[in-house]
Amino acid sequence: MIKLLHTGDWHLGRSYSSVQAENPEAAARYSGARVEALRNLIRTAGTEGVDYIVAAGDIFDSKQSSKDFIGTVCGILAEAECPVIIIPGNHDYYEQNDPFWKKVKDAAEENTVILTDSRPFEPAGGNAVFYPCICHDRYSEGNALLWLKEFKDRNEEKVNIGIAHGALEGLSFDREKKYYYMTREELTACSMDLWLLGHSHVPYPNTETIYGEGVFNAGTHQQTDMADRSPGSAFIITVDDDKQISAKMVMTGVLHFRRLSIVIGRTDTLTDKIERAISGINGDEYSLRIDISGYASPEDFEQRQAIYDFFSSRFISFEVTDDGLKKQITPKMIDAETIEGTLENRLLKKYTDAPELLELAMDIVESCRKGELS
Ligand SMILES: [Mn+2]
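Here goes a summary of the coordinates provided. (Residues numbered from 1 in each chain as written. Predicted model: local features only at pLDDT ≥ 70, side-chain atom pairs only at ≥ 80, totals over all residues.)

## Description of unusual backbone geometry
The peptide bond linking Tyr 204 to Pro 205 adopts the cis configuration, its omega dihedral lying at 0°. Note on placement: Pro 205 falls in the loop between β7 (194-198) and β8 (215-217). Even without being a glycine, Asn 97 presents a positive backbone phi close to 50°. By the secondary structure assignment, Asn 97 is in the loop between β3 (84-87) and α4 (99-107). With phi around 55°, Tyr 180 is a residue other than glycine that occupies positive phi space. (Helix = DSSP H or I, 4+ residues; strand = E, 2+ residues; numbered from the N terminus.)

## A short note on the sheet that holds strand β5 (residues 128-133)
Strands sit in the order β5-β6-β7-β8 across an open sheet of 4 strands; the sheet is parallel. Across the chains shown, the open sheet's two edge strands, defined by having one partner strand only, are β5 and β8. Adjacent strand axes in the sheet meet at a mean angle of 20°, parallel and antiparallel pairs treated alike. Sheet topology places strand β6 (residues 159-165) next to β7; 5 bridges connect them, and they run parallel. The partner of Ile 163 across the bridge, within β7, is Leu 196. (Pairing = 2+ DSSP bridges. Axes fitted to C-alpha atoms, helices over the stretch in contact; angles between N-to-C directions.)

## Things to note about the environment of Gly 253
Mapped onto the secondary structure, Gly 253 falls in the loop between β10 (245-251) and β11 (256-264). For Gly 253, a count of 23 C-beta atoms within 10 Å corresponds to the buried category. Sequence spacing of Gly 253 and Leu 41 is 212 residues, and the spatial spacing of their C-alpha atoms is 8.5 Å. Once residues lying within four places of it in the same chain are set aside, the contact partners of Gly 253 are Ala 37, His 221, Gln 222, Gln 223, Pro 231 and Gly 232. (Buried ≥ 20, exposed ≤ 12 C-beta atoms within 10 Å, placed from the backbone. Contact = placed C-beta atoms within 7 Å.)

## With respect to the sheet that holds strand β12 (residues 286-296)
If you trace the 3 strands from one edge of the open sheet to the other, you get β11-β12-β13, paired in parallel fashion. Bordering the open sheet on either side are β11 and β13 (317-327), each of which pairs with just one other strand. The average undirected angle you get between the axes of adjacent strands in this sheet is 10°. Both β12 and β13 contribute to a ladder of 9 bridges, which runs parallel. Counted as the bridge partner of Gly 294 is Leu 325 from β13. Where helix α7 (residues 270-278) meets the sheet, its contacts fall on β11 and β12, and the angle it forms with β11 comes to roughly 140°.

## Some remarks on the nonpolar core
Core analysis: the biggest nonpolar cluster contains 70 residues, and Ile 53, Val 54, Ala 56, Ile 161, Ile 163 and Leu 196 have the highest contact counts within it. At 7 residues, helix α2 (residues 24-48) tops the list of elements feeding residues into this core. One finds Ile 264, Ile 292, Ala 296 and Phe 318 within the second-largest nonpolar core, a separate group that totals 11 residues. (Core = buried A, V, L, I, M, F, W, Y, C linked by C-beta atoms within 7 Å.)

Shown next, in the form of structure tokens:
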């Protein structure tokens, strides 16, 4: 039996430059979270007692990382009680005599195995053989599986595990097929017992019923940004002596991004409605984007920025989009626009419970006055 932790897409050193200008504090937290989540992951591997940690590429966000930062990362990996097996991805791809990866290899401790050649790696005393498929560029229309398809010398006594980085058919959005695109058919053709992939930040599979197929995409260990729907996780995968596969997901992320959408009704106050939507969400760990629509009271509508600002300090980041929020039309406003007791005044007041109809009715009244209605 072997038990391993499958991870990838750490994107360490990601600078969040687009957040930097607006909110430098948040940018620093996002960058730091990727490192913190890695510490978390190493601890989890220890608790689970895995035989290996396998990271399927995009360890570093770019090949610009400083020597100091590389040292920090290698120090964290050295804390693991088992071998950490790493392959480059398309962000940190491997070139011939690569100076960046040389720096990483120099800084790495003994337990860290950096595979940069497409050839089998058989850890001594273990029950597994790893077959890394290496990215040599940022983009590639062909994937890196070719050598393995042609490879004849599999070790049938052991568990054969393929490791690759690229877009998996049906999971990654790669319409132009330029990110080492891999079909399931191609993976199957390599006759591996298990495939450990990286690239898409979303983990796959997401249900226990398909774990047995043996194709996994790790997903990122720390949710990347608002556009990323992944939970920040890793897989603990067990292959028993009959090569039966079982797996579970473990959570490793330390920060989260969440989108909420709320609709303000006629009797709601903006503050209460937001308060209710965010209740139970720990602001120290969350960046929120709230989409607000509906009808706010005139007071709330005028004060809305101050209301948002009041909440904003409670979260790492708090963004609001309220293009769909409108100012409610009140009886007072109807009386200001029309003469009390007239037909139009009475008509409009009939709709005060239905802001959408009232808005329409108001438009009609205005159009009639201007003689625009035809
Ligand atoms: Mn990638």
